Every structure is written in C-alpha cells, then in structure tokens.
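Chain and residue survey
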Amino acid sequence: MNNSDFSRQTSPQGLRKPVSIYQKAHIDLPLLLIVFVLIGLGLIALYSADYNGLHKFNRQLANLSVGVVVMLFFSRVHPRHFQYWSPIVYLIGLVMLVLVLYTPLGVEANKATRWLKVPIIGRFQPSEIIKLSLPIVVAGYLSRFAVPVSIKYVAVALLIIVIPTYLINRQPDLGTSLLIAASGLVVIFFAGLRWRWIFLSIIIGIFGSIAMWHYGLEVYQQKRVLAVLDSSDTLGASYHANQAAIAIGSGGWSGKGFLQGTQSRLNFVPENHTDYIITVIAEEFGFVGFLVLLIIYLLLIIRGFYIATQAYNNFQRYLAASLTFTFFIYVFVNIAMVSGILPVVGVPLPLVSYGGTSVVTLLASLGVLMSISTHRHNE
Amino acid sequence: MNHQSFSPSNHPDKRSIRNRVLLMLLLTFILSTVLVMRLHTLQVKDYERYSTRSEDNRIHSCPIAPTRGVIYDVNGEILAGNVTSFNLVVLRHKIRNDEKLFEEVKKYVDLSDDEIAHFKRKKDYVGLCDFVILKSRLSDIEIAVLSANRPFLKGVEIEASLIRNYPFNEYFAHSVGYIGSRNDRDNKRIDENLATKQYIGTKIIGKTGLEKEYEPLLLGAPGNMIAEVNSNGRIIRELNREHPKTGKNLHLFLDSKVQLTALNELENSRLKIEKKAQAQERARFEKDPSKPFREIHVPNIKGAIVAIDVKTGGIVAMISNPSFDPNPFVTGYGFKAYQVLSESKDKPFLNRASRGTYAPASTIKPFIGLGAVDKGFVSWDKKFNSTGFYELKNGNSKKDWKKGGHGLIDLQQAITESVNTYFYDVAYRMKLEPIHETLANFGLGQVTAHDIYADLPGLNPSRQWKKDNRKQSWYPGDTVNLGIGQGYFLVSPMQMAIATTIMARKGKWFSPRLVDYYVEADGTVITVSPPPAREDYVLNDQRNWDKMHKAMEQVIYNSKGTAKIINTKDLKYRIAGKTGTGQNVSLSDESHYIDTQIGSKTRDNAWFVSFAPADNPRLAIAIILENSDHGGSVAAPIARKMFDAYLLNENGQLKDFSTIDEVEPQINIQMENEQIHEGVAGE
C-alpha cells in the first residue's frame, strides 16, 4: 500500500484539475483558518477564565498544539485507511468499555466510572475512541450498499450504534452516549435512509414525546421545558444554572469588556473554563461576541457540509456530513445547556472549552474532514 | 476496486447527499436561531435584571463598627477605653470541621471550653464580612507561636481589633458598668427603638452603668465599606469606604483619686478588722488551747460609698464593695468564673450604692429633726429628759442605746449624741405625714439621680403604702420607729448622699449625675445639665439650716459626739456629719465569718453621712459598711481621708474652689488634642 501511494505521487497528473499547494500539503485552508480563529477565541476566553495563574491556559496551549499536530497528521492519511482500520479500533474501544465497567481497571471519579487505567499509558476515556471510530465504522458499513439503504442494513448499523451507547450510558455518561448515538444516527440519515422511515420515526418521536410529556414528566419538569424561552423562571433553577444565566444576561449587547466579567472572575460561575466557557464570552463580549462565535461555528459547519458534498465517494460523504453535524450538535447542546434550554449534560464547547481529550479528539475529527477534503481526487 | 472507483463528479448518490446536507443545514440554522433567541432574551431583553443580579452578587456592603467613646474621670484618667486586642479569628467559609480545627489550634495555644462554647454560639450569627473570634487577647508569645506555625493552620488568622478596656478593673465596675455581646433581648430593644441601623457592624452593647445609660452617645455611627467579593464571600478589593463616626467621649465628675483613696481605706479597715479578729483568736487560744488555733481571714468589707460635689451636684465617688472585674464581660465571661461571682454570698454584682437599700438608722435624725423644728413640733432650746426608756401609749417601752439615757438634752445634743428616745418623741409628735413630707423634700422614696443605672427609689413609707403592700393600717408605733430611721424605711447610699448634699446646700435642689460633659466630634463641649430633680426645699425659717449644720458639726467635735473618733487636730477644715447603726436584716439567716469573733454588734450596718467644709460645704459623703463596727469608728475615718483627697491640694492646703470653677474643663485626650493644637498653631 505504501508502495502504491508512493508511486501515485510520482505519476503524471496532466489530465486532472490543477491541484493547489494546500491540497498538496493536505490542508483545507478555509477549514484551517476557521479552526485557528475558533482556537484563538477559545484562548481569549480561557485567558480571562483562568486569569489567576494561567495554569490552565498554558496547559490548553499544549493540548492545542498536540491537537493541531494530530489534525495535520490525520489530514495526510487517506480516508480509505480510516475505513480499513476503524472496525478494529471500534472493537478495541468496545473491549475497553467492557473493561471499564466490569473490571478493576476502571477508575471511578465523581460517582461515574469513565476512565480506564492502563499501565505505562496512563488514564484515558475509552468513550473517546468510540466517539472517533463509530461514525467511521457506520459510514464504512453503509457505504457498501446502494442508496437508499435497505432496512436490514440499517438495523445492523443501529446495532453498531446501540452497543457502545448502552455501555457508555452505564458508566453513567448520558451526555456522551447520546452524542455518540447521534453521530451514528446522522450517518444513517445521510446514508439515504428511506424518507418513509424518516417520517415514521418523526411521527413515533412526536407521539412518544406527547406520551412522555403526559406520563413521564413531573410538573416541575414540564414547567422547565415550557420556560425555555422565558428567563424569568430561573429562580427555581439550580445555583449553577442561575449564575450562568446571570453571567450571560449581565453581558448585555456588547459585554463588560475583556477581563471585566465579574461573574467569571469572581468565580460565581462554576466550571467556567470548561463546559461553561460560553458564559465568559457572553459576559465579557456580550450578545455581539456570542453572535460572532456562532457565525464562525456556522462557517465551519457550512465548510464541512461543502466538503461532504464534494467528497470522492459515499463513505467519505457520509463521514464528512456526520462529523460536521456532530460538531454542530456539540455546539448546540453546550450553549443550550448553559443558557438553560436543555438539562445539564457534560458537553464541552468544541475547541473553546478547556480540556485535553476533547480538544485532541475534535481536532482529530477535523483532521479526518480535512483528509476527505484534500483526498477528493483520490490521490 | 469496487464502486469507489466511480468518478466523484457524476456519481448518482451525489444528488441524494446534497439534498440531505441542505436539509441538515436548514436544521442547523433553525437550531442556531433558537440559540440566538435564547441569548437575546437573556442578554438584551432581560439585561437590566441580570445586570442588577450580577452587581448584587459581587458587591457587598460591609459595615465598620465605630470606635466607642472613651469615659474619663475628672482628672482625665481613662475609666473605660479601647485597646488593641490581637485575636485568633476563623474564616468561616474555610472551615469544614470545627472539632478538627480546635484540635489543630490547641497544638499551639490553649483553648478553654468557654472559648470553644463562645465560638460555637457566635459562629452562626456572622455575616459575610466578618470573622469569628476563636480566642481574643492573644499574648505576645501566643502571637509569635501562631505566626510561626501559620502554614499549618488553615483558615485561621490573627486579627487586630479595638476592644473595650477598663483599666481600673473592678474599681469602677458599678458606676461605669460594662459592655457585652448583644443578646436577643438587646436586639429586640434596638429594633423597637428603630436604632437597628446604628448597630450594623457592632456586636456589643452597654449592659449596665454609664455604658448603658449613655449607650446612644458612646456608640457612635457605623461606617461602611463597599467591597467586591468572590463567590466564597472573600473580599477581593475595596471599592469605597465611609469612615465610622467615633462615639462621644464622656467626662465624669468621678474622681479616681478620691475613689481610690476610699477603696484604699476600706482595705486598711479590712486589715484592721482582720488583725483584731486574729488577736482575739490568739488570746482565746492562749486561754483555752483545747480547741485548735484558727487562721482568721476577713475577705472584704461589704458596703457602699457615695460622694457628691455639693456645688456642682456631680457624683465624685461611687463605690460598691465587693466589686468585680468588668473586663471579662467584653470578650465573654467564662461560665465557671461567672457562676462563682453570681452565686457568691457577698453579691459582687449587686450595686450596693444605688440598688442596696438599708434602714437609714440614726442618719435620718438630722433630716427629721430639721422638719420637726421648722414645722414647730420641737424647738432648738426646749430640753427633753432622756431616761433611757421611751414609753409608748400602749404600755410598751423602747430602750435607748445608752443605758440610763442622756439626761436633759436639747435638739442639738439629741443629734450630737444620737438620742433615740428624743426622736421617738419627735416622731410621735410629728405624726406620719409631716415626716413623710420632710423626707420627700430630701429625695427619699424616689429616684432623683439623673444617670445612675437602674437605681432604686427606696421607701419613704406612707399610710397608703402600708395599706397597699401590707394590707394593714398605720399604727402610731410605726411612726415612732421612723424617728430613729428604723421600721419601714429603706434608703440607698446614693439617696443618703443626695439627701446629705441637699442638707449641705440648704435645700437647694440639683440633679445628681455622673457625667459632667461630653465632646462632639468637632470638639464642641456639651455640658450635661439636667434641670433640678425637685423643687427646692424652703424652710419656714432658713436659719434652721445653719443650726442643723452646727448640730452635725458637733457630732464630730463635741466630746460626746458619736463620730469624735475622727482625728480633728490636723484638719484644715471642719466636718459635719451623722453616724447611724442599722440592723442588718439581710444577714440574719447567714452564718458570718466575723460573727463569733467580734460579737453580735457587727451584725449591724454602720452608716456615716457627712459634708465638709462645714461652713462652706464642698463635698458630701454617705458611707455604709455592712456588719461593721459603729459608724463612727470605721466609716468616719474613711470619709475624712476622702475629704482630704478632694479638698486639699498637693501642699496639704485647702483648695481654692472659687477659682477652679471658672477654669475651662481640662481636656487631655488625643483626639481632641488635635483640635487644641490647631488653635495653638493659629496663635
């Protein structure tokens, strides 16, 4: 394989479209620029959140450096290699999830067993491996069949999704398991699930929601759902939710200014360097700052979807679209949760929140996206 | 290769994926719109509300307790001041486990059960701005030990604060009083007086004495510090500070020199009594060695002394013995120590000067005598035959204290020699109402002092009083008893001092008070000058005052005078006075230490009221000593020393008071000095 790759590089390319220098370097320039702007915004917010000491700020610089290297490395790897290796990685991930749950290798922290302690390598979350490999496996599997995909193959794909989702939910880590499930389901959607199934699931979803509303939710939960777009009902909410709402709300149109966010600087908002970092941006740069951030995210989404439509084959299309939309789900769930629309599940704001694992995983997935973008002529 | 080898541009699946991507992009925009709406609601629509709540979060207003006004005596000595105390304080939000903290702290400094109990009680009442004091008044060594080991002590700090200090300890406890931590009752009263604002930041309040009477003046006004705090309530920085207003400094008539002289004499008397009792015991032992020799210890003389400046009406001395140290009240009395004092038979917390009520005994004679002679019931020259017995109408008879009586005597001699039978007769002739009226004119039976804490009115009995309280009608025998100051009479030493002052002032009323003046923050001196407590007592014949003064002088100077024990040879002035010996009812049920040693006579209370100089009175003194020898022998010498201390200058000559009165009040306080210096600099 290496040999054939090598031979392609030296083969004449006269019949093909002219290839840009970035494409040769396997860099998707618009995506890279958007990523750097996001990272920059994240660092500004983190600088403010971590002003006393900048310990986390410095560590995030290291995390980002590793992440960017991983991204650039992944961008050079041909998508077919991801397709080839992903089932093995996925299976290793499953084994690790089982080890975490059912053997003493799992490390318990904050009433959840999410970490696997491996000698020499150290601690890490196997769910991150699944997070990366699952959409690739599902895309790889479904891309083998003609569009629209028959329901029995969809059933197999669902099984691939459900197993890790169940295991991760057992840890328990509801947020991650739902996001992983979503990333797989998005692939099924893009892989051409028949519209009738889509409508059927939507209808089931609507009736399920109505049933859930009447029989599953307590009155206070109903109230909370109804109060989503009305901030006046924050009194009954938790301290964290309240302080986050105060931080965001007090930012106003243009914010209190860089390093002037009192809610964040005086530690009123907990976890404001990780999951709640949007509060720092909203407080210090206001509604305008939030809009700028959201627009940059949307640019990334648009670029991702564009890459999906331009991809070389179905596998790459499914994967690119799935990675892109999953990325947006992260953004939406995080902001919705911090601003009080969704219940609190631990989801970081992509590339902005502090955290080594999430930064490296997300940049790796963007690396895959870049690889799809720069290998669209199948070089 | 399989289908992957199709050219990407014309692949049939490409359109399908494009549609679905567009659908998802639409979903992305819809969801983004939801976020924008939500953030718009929070940041734009409800901005005002969240902005306010954000400010409420971070801004805390921390009250600063004002410095309490200082109380000075007439010489500028501090009776109640403020000193810096180094305290071990606990940052409450940093401590999770109290018991562990105590254990840690105990490694370095002692921590008593009382201190721990105080801490536990106080810690729940502490606001965001405050520390909780774990141990106050740290010694230098303790500070050094704690500072050196600070890295090992998490959550505790050493803080300096001003605390109330009474430099004279127990000597002025009953007049100055003390402060203490506010309790629920105090807080309720503060709320009722709408003074809650004044007390923000202050944890203490005047509990007794002047500290309570002048609480609003001494308190000052709290300042305020606006600070930014973090979510833990820790102060990050100060934004604004409004300084507290220091309380007003009180300047008293109390003269520590005179008061200490009296206390010193009391101690000398105690030693004398002790020596005498020991000598008696030795003599007994030599005579009868069968019983073992006992060490005799006389703990203290119980009693009260009040001295009033006749000219100003200011209280120069106010002693209640035994007393107590008010300093521990400032930081909290230990439970045990407090129990010992409160359950002591000597009742050190009882202010005998204003709340101790006694039968006035023979000291009432000059007052009743004056009323009797002015109302014409007796006359100065009419002789009375004292036989040693006084026969009552019902056949009973009352004995005089002197066997065989005093012979033929007039009113002056009856005063000088304190002839009981004479005054039985006077009372019998006068009847109740004129006696009651006369004594009311001297302020007996009512509270006349201006600023004495919780003083009692005593009892100037009347028919109505007996009917209401004893459900009995008044008998002539009751009246006869009044003649020698026994029966239903109850007076406090304060009242006797005031009555004696009125006697010395020839009926001109005034307002007895402790505080002369106080100083405003701008240096303005405000004199406390309440109106006289009563209308003046005007006699039908004003010359009777002088005559009674002469009679009282004879008590000391006549060879038969009951107070002739005072050494008058080297006196630079003349004293007028009256002794009295009252039965001590309160002690009848107690076995007492001196009882067996000195004889039953000591179960009586010894009175001595006096004023001097007799021709131009300046100081009036009332002394009562419980279970003591005859009033003339112990009390009178104490009075003499007090007169010396007040009336004589450094050279032992009589002070010229006429000039002193015109001198501006001497102020030697730091704070006020600044203003004085300014004035000097201007000149």
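About the thresholds
Residues numbered from 1 in each chain as written. Chains lettered and ligands numbered in written order. Predicted model: local features only at pLDDT ≥ 70, side-chain atom pairs only at ≥ 80, totals over all residues. Heavy atoms only, no water. Axes fitted to C-alpha atoms, helices over the stretch in contact; angles between N-to-C directions. Helix = DSSP H or I, 4+ residues; strand = E, 2+ residues; numbered from the N terminus. Parallel < 35°, antiparallel > 145°, perpendicular 65-115°, else oblique. Left-handed = near helix turned anticlockwise from the far one by under 90°. Contact = heavy atoms within 4.5 Å. Nonpolar A, V, L, I, M, F, W, Y, C, P; charged D, E, K, R; others polar. Pairing = 2+ DSSP bridges. pLDDT = per-residue confidence, 0-100. Buried area = accessible area lost by both parts, 1.4 Å probe. Salt bridge = Lys/Arg side-chain N within 4 Å of Asp/Glu carboxyl O. Polar contact = N/O pair within 3.5 Å; in protein donor to acceptor, adjacent residues only side chain to side chain. 1 Å grid on protein atoms, 1.4 Å probe; cavity = no way out; pocket = protein on both sides within 12 Å on 5 of 7 lines; lining within 4 Å. Points joined across faces, edges and corners; volume = space filled by probe spheres on them. Phe/Tyr/Trp six-rings, centres within 6.5 Å; stacked < 30°, edge-to-face > 60°. Buried < 20%, exposed > 50% of the residue type's maximum accessible area, 1.4 Å probe, protein only. Lys NZ or Arg CZ within 6 Å of the ring centre and 35° of its normal. Patch = residues over 30% accessible without salt bridge, like charges linked within 9 Å, V, L, I, M, F, W, Y side chains within 5 Å. Areas by Shrake-Rupley, 256 points an atom, 1.4 Å probe, with all protein chains shown as cover.

**Thoughts on the packing of helix 4 (residues 55–76) of chain A against helix 15 (residues 356–374) of chain A**
Think of two packed helices as two axes; the pair is described by the angle between the axes and how far apart they sit. Residue and element names in this part refer to chain A. One way to put it is that helix 4 packs onto helix 15 with a least axis distance of 7 Å and a crossing angle of 25 degrees. The angle between helix 4 and helix 15 places the two elements in the roughly parallel class. Two packed elements cross with a definite hand, and for helix 4 against helix 15 that hand is right-handed. The segment helix 4 lies against helix 15, with Gln60, Asn63, Leu64, Val66, Gly67, Val68, Val70, Met71, Phe74 and Ser75 engaging Gly356, Val359, Val360, Leu363, Ala364, Leu366, Gly367, Val368, Met370, Ser371 and Thr374. Partitioned by chemical class, the residues of the contact of helix 4 with helix 15 number 13 nonpolar, eight polar and no charged.

**Comments concerning the sheet that holds strand 8 (residues 223–229) of chain B**
Residues and elements named next belong to chain B. Pairing is antiparallel in the open sheet, where three strands are placed in the order 1-8-9. Strands at the two margins of the open sheet, each flanked by one partner only, are strand 1 (59–64) and strand 9 (235–242). Mean inter-strand twist for the sheet, computed between neighbouring axes without regard to direction, equals 30 degrees. Strands in contact with helix 2 (residues 47–58) are strand 1, strand 8 and strand 9; relative to strand 1, the strand with the most contacts, it is inclined by about 40 degrees.

**Digging into the confidence of the model for chain B**
Residue and element names in this part refer to chain B. The predicted model of chain B averages 84 in pLDDT, with 88% of residues at 70 or higher. Between the elements of chain B, mean pLDDT differs from a low of 36, seen in helix 25 (residues 670–682), to a high of 96, seen in helix 20 (residues 493–504). Low pLDDT, under 50, characterises residues 586–602; the predicted model gives this stretch 32 contacts beyond four residues in sequence or across chains. This model gives residues 661–683 a pLDDT under 50, and the stretch forms 24 contacts once residues within four places in sequence are excluded.

**Structural notes on the interface of chain B and chain A**
Counting residues at the interface gives 46 residues for chain B, matched by 64 residues for chain A. In total, chain B and chain A occlude about 4,900 Å² of area from one another, counting both sides; carbon and sulfur atoms represent 67% of this. Together, Arg20, Arg38 and Gln43 of chain B form the three largest contributors to the area buried by chain B at its contact with chain A, with a combined 16%. Across the contact surface, chain B and chain A share zero salt bridges. Summed over the shared surface of chain B and chain A, the result is ten residue pairs in polar contact (both at pLDDT 80 or more). Contributions of two or more residues to the side of chain B that touches chain A are made by helix 1 (13–45), helix 2 and strand 8 of chain B. Classifying every residue of the side of chain B that touches chain A by side-chain character gives 21 nonpolar, 15 polar and ten charged.

**Observations regarding empty space enclosed by the protein**
All names here are of chain A. Tallying each qualifying case throughout the model produces five cavities of 30 Å³ or more. In this model, the largest cavity occupies a volume close to 190 Å³. Taken together, the elements giving at least two residues each to the lining of the largest cavity come down to helix 6 (126–142), helix 8 (174–190), helix 14 (314–338) and helix 15. Residues that form the lining of the largest cavity fall into these classes: eight nonpolar, five polar and two charged.

**Side note on the packing of aromatic side chains**
Going through the model one piece at a time under the given rule, you end up with 40 aromatic pairs over all chains. Summarising the aromatic geometry, the rings of tyrosine 84 of chain A and tryptophan 85 of chain A are spaced 5.3 Å apart at their centres and angled 85 degrees between planes, so their arrangement reads as edge-to-face. Relative accessible area serves as the criterion here: at 56%, tyrosine 84 of chain A is assigned to the exposed category. On the basis of relative accessibility, which here comes to 49%, the residue tryptophan 85 of chain A falls in the partly exposed class. Taking 6.2 Å as the distance between ring centres and 55 degrees as the angle between the ring planes, the aromatic pair formed by phenylalanine 190 of chain A and phenylalanine 305 of chain A counts as tilted. Highlighted residues: phenylalanine 190 of chain A in helix 8 and phenylalanine 305 of chain A in helix 13 (residues 277–310), separated in sequence by 115 residues. Accessibility expressed as a relative area gives 2% for phenylalanine 305 of chain A, which makes it buried. By the ring-pair criterion, three or more aromatic residues cluster together here, those being Tyr178, Phe324, Phe329, Tyr333, Tyr338 and Phe349 of chain B. The ring of tyrosine 50 of chain B carries arginine 49 of chain B above its face, with NZ or CZ at 5.0 Å from the centroid. In this structure, arginine 574 of chain B packs its charged tip against the face of tyrosine 557 of chain B, placed 3.9 Å from the ring centre.

**Quick word on a nonpolar patch on the surface**
Taken together, the side chains of Trp195, Phe199, Ile202, Ile203, Ile206, Phe207 and Ile210 of chain A together with Leu23, Leu26 and Ile30 of chain B define a hydrophobic patch exposed on the protein surface, amounting to about 980 Å² of accessible area. For the nonpolar patch, the element with the most residues is helix 9 (residues 195–216) of chain A, which contributes seven residues. Relative to the helices and strands, isoleucine 202 of chain A resides in helix 9.

**Some points on the pattern of salt bridges**
All names here are of chain B. According to the stated counting rule, one finds 34 salt bridges over all chains in the structure shown. Here glutamate 211 makes a salt bridge to arginine 68, at a shortest N to O gap of 2.9 Å. Placement of the pair is glutamate 211 in helix 8 (residues 209–213) and arginine 68 in the loop between strand 1 and strand 2 (71–72), with a sequence separation of 143 residues. Its relative accessible area of 6% is what places arginine 68 among the buried residues. Through salt bridges with shared partners, a single ionic network connects Arg68, Arg164, Glu211 and Glu215.

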